[in-house]
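The chain contents come next:
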Amino acid sequence: MPAYVIVGGFFGDEGKGKIVAYLALNDKADTAVRGGVGPNAGHTVIHQGKTYKLRMLPSAIVSRAKLMVGAGVLVNPDVLLDEAKRYDVKSRVLVDYGASIIEEKHLDADRVGHLKEKIGTTGTGTGPANSDRVLRVAKIARDEPKLKGLVGDVAEHVNGVVDVGKNLIVEGTQGTFLSLYHGTYPYVTSKDVTASAICSDVGLGPKKVDDVIMVCKAYVTRVGAGELDGELSAEEVQKRGWQEFGTVTGRLRRAAPFSMKLAKRAAMLNSATGIAITKFDVLFPETANMTNYAKLTIRAKKFVEEVEGEVGVPVVLIGTGAEVSSTVDRRKN
Ligand code: IMP
Ligand code: MG
């Protein structure tokens, strides 16, 4: 029963939430733990007709897994408590003592000046809160009364899960090219978000991880400022049916065709062992809701083989619809 890390291969919004939910259910995860930046992430999971919108808790919420948040993640207590209450999961939530707290002043600072005007951040306070952490003046979860009863030693727990051979899912957020170090600086988020950083966020060393699953959407999208090779006009995006709006910000996402170049570089930066391609049915409508690889059309399989050939990493999962169950699992067929 291995430990997996799930990361985004492009600029976020690759559909990691659905992949995490699928793996948690199918592979019977004992625990899912959130790494990544904080509530700037927006994950949508649709399972058995019910839609879950998450910004703080792991997308494994649809399974029975324990739901944890690592020390490296910024926590907005109101957002976290709201999700725990809305989905009635408080009894299986644990936040690491050391996680930094986002306060009102961080939200205010993220909604003005160059962060808003130049970078086009999500305005969720994450950059200013990380900045306070670096200055060593941030409040941490241990000292936040709103989180009383929900904090503990997440690093100890997740290492224990791996040590006894149970399945652990480590959930990253954002995408490789939004990494503070490996992304399109300065149009990036406020920390590294590649697999190594996600493991560090939750207190797992590099030798404890078996698989790194890199999630790439069948086309590339980006919100906010920064380069996007092959960017299409808004009309063309609409014509192709690739129009998307941000979960957190409601902004229209910019879009471009799938990029082998980015996928290849992201596979290197994350040491990806498997690729998950999401929204495959948007590119190949005839594959909608399919779950059997053999039944995909020749042109659809050709795309998958091209990705594997160019990137040099096997495509293990293919998302063919919004529901968690609309997934081709090539580990099985
Ligand atoms: P921040 O992370 O809110 O500081 O925003 C910095 C940049 O990262 C902006 O371009 C945001 O649009 C982008 N960003 C942050 N989180 C996400 C995400 O979860 N999905 C997509 N873009 C994101
Ligand atoms: Mg998102």
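Read on for a plain summary of the structure. Everything numeric here is computed off the predicted structure, so don't read it as measured data.

### What to know about the coordination of the magnesium ion (ligand 2)
Looking at the magnesium ion (ligand 2), the protein donor atoms are Asp-13 (OD) and Gly-42 (O), and they sit 2.1 to 2.4 Å from it. Of this pair, Asp-13 sits in the loop between β1 (3–8) and α1 (16–26) while Gly-42 sits in the loop between β2 (31–34) and β3 (43–47), and the two are 29 residues apart along the sequence. The exposure class of Asp-13 is partly exposed, given its relative accessible area of 24%.

### Observations regarding the pattern of salt bridges
Under the definition given, this model contains 22 salt bridges. Between Glu-244 and Lys-279 there is a salt bridge whose closest N-O contact spans 3.2 Å. Pair noted here: Glu-244 is in the loop between α8 (234–239) and β11 (254–257) and Lys-279 is in the loop between β12 (274–278) and α10 (280–283), with a separation of 35 residues, a long-range link. We classify Glu-244 as buried; its relative accessible area is 6%. Among the residues examined, Lys-279 registers a relative accessible area of 35% and is labelled partly exposed. When the shortest N-O distance is used, the salt bridge between Asp-329 and Arg-331 registers 2.9 Å. On the accessibility criterion, Arg-331 (39% relative accessible area) is partly exposed.

### Some thoughts on α1
Most of α1 sits out of view: 9 of its 11 residues are buried. Along α1, the residues classified as buried are Lys-16, Gly-17, Lys-18, Ile-19, Val-20, Ala-21, Tyr-22, Leu-23 and Ala-24. Following α1 by one or two positions, Lys-28 has its phi on the positive side, about 45°.

### Focus on the pairing of β12
The buried fraction of β12 is high, at 5 of 5 residues. Every second residue of β12 is oriented toward a common face, with Gly-274, Ala-276 and Thr-278 on one face and Ile-275 and Ile-277 on the other, all of them buried. With 5 bridges joining them, strand β9 (residues 211–217) and β12 adopt parallel strand pairing. Bridge pairing in β12 places Val-215 opposite Ala-276. One ladder, built from 3 bridges, connects β12 with strand β13 (residues 315–319); its direction is parallel. Directly across from Ile-275, in β13, lies its bridge partner Val-315.

### Focus: the site of ligand 1
What surrounds ligand 1 is a group of 16 residues, the closest being Asp-13, Asn-40, Thr-122, Thr-189 and Arg-251. The separation between an oxygen atom of ligand 1 and a polar side-chain atom of Thr-122 is 2.6 Å. Relative to its free-state accessible area of 470 Å², ligand 1 is covered by the protein chains to the extent of 96%. Of the residues that constitute the shell around ligand 1, the class distribution is 6 nonpolar, 8 polar and 2 charged.

### Considerations on the sheet that holds β1
Ordered in space as β7-β6-β5-β2-β8-β1-β9-β12-β13-β14, the 10 strands form an open sheet in which the pairing is mixed. Bordering the open sheet on either side are β7 (151–152) and β14 (327–329), each of which pairs with just one other strand. Across 4 bridges, β1 lies against strand β8 (residues 168–171) in parallel orientation. Note on β8: the bridge partner recorded for Val-5 is Val-170. Where helix α6 (residues 154–163) meets the sheet, its contacts fall on β1, β2, β5 (66–69), β6 (93–96), β7 and β8, and the angle it forms with β2 comes to roughly 140°.

### What about the side chain of Glu-14?
One can find Glu-14 in the loop between β1 and α1. According to the relative accessible area criterion, Glu-14 is buried, its value standing at 1%. Here Gly-9 takes part through its backbone nitrogen, which lies 3.4 Å from a polar atom of the side chain of Glu-14. Within the structure, the side chain of Glu-14 is placed 2.9 Å from the backbone nitrogen of Gly-12, a separation counted as a polar contact. Not counting the four nearest positions on each side in its chain, Glu-14 is found in contact with Gly-8, Gly-9, Gln-174, Gly-175, Val-215, Cys-216, Lys-217 and Thr-278.

Cut-offs applied
Residues numbered from 1 in each chain as written. Chains lettered and ligands numbered in written order. Predicted model: local features only at pLDDT ≥ 70, side-chain atom pairs only at ≥ 80, totals over all residues. Heavy atoms only, no water. Donors = N, O, S within 2.8 Å, 3.2 Å for Na, K, Ca; no water. Helix = DSSP H or I, 4+ residues; strand = E, 2+ residues; numbered from the N terminus. Buried < 20%, exposed > 50% of the residue type's maximum accessible area, 1.4 Å probe, protein only. Salt bridge = Lys/Arg side-chain N within 4 Å of Asp/Glu carboxyl O. Pairing = 2+ DSSP bridges. Near = heavy atom within 4 Å. Polar contact = N/O pair within 3.5 Å; in protein donor to acceptor, adjacent residues only side chain to side chain. Areas by Shrake-Rupley, 256 points an atom, 1.4 Å probe, with all protein chains shown as cover. Nonpolar A, V, L, I, M, F, W, Y, C, P; charged D, E, K, R; others polar. Contact = heavy atoms within 4.5 Å. Axes fitted to C-alpha atoms, helices over the stretch in contact; angles between N-to-C directions.

Take it as geometry only, folks, not as evidence of what the structure does.
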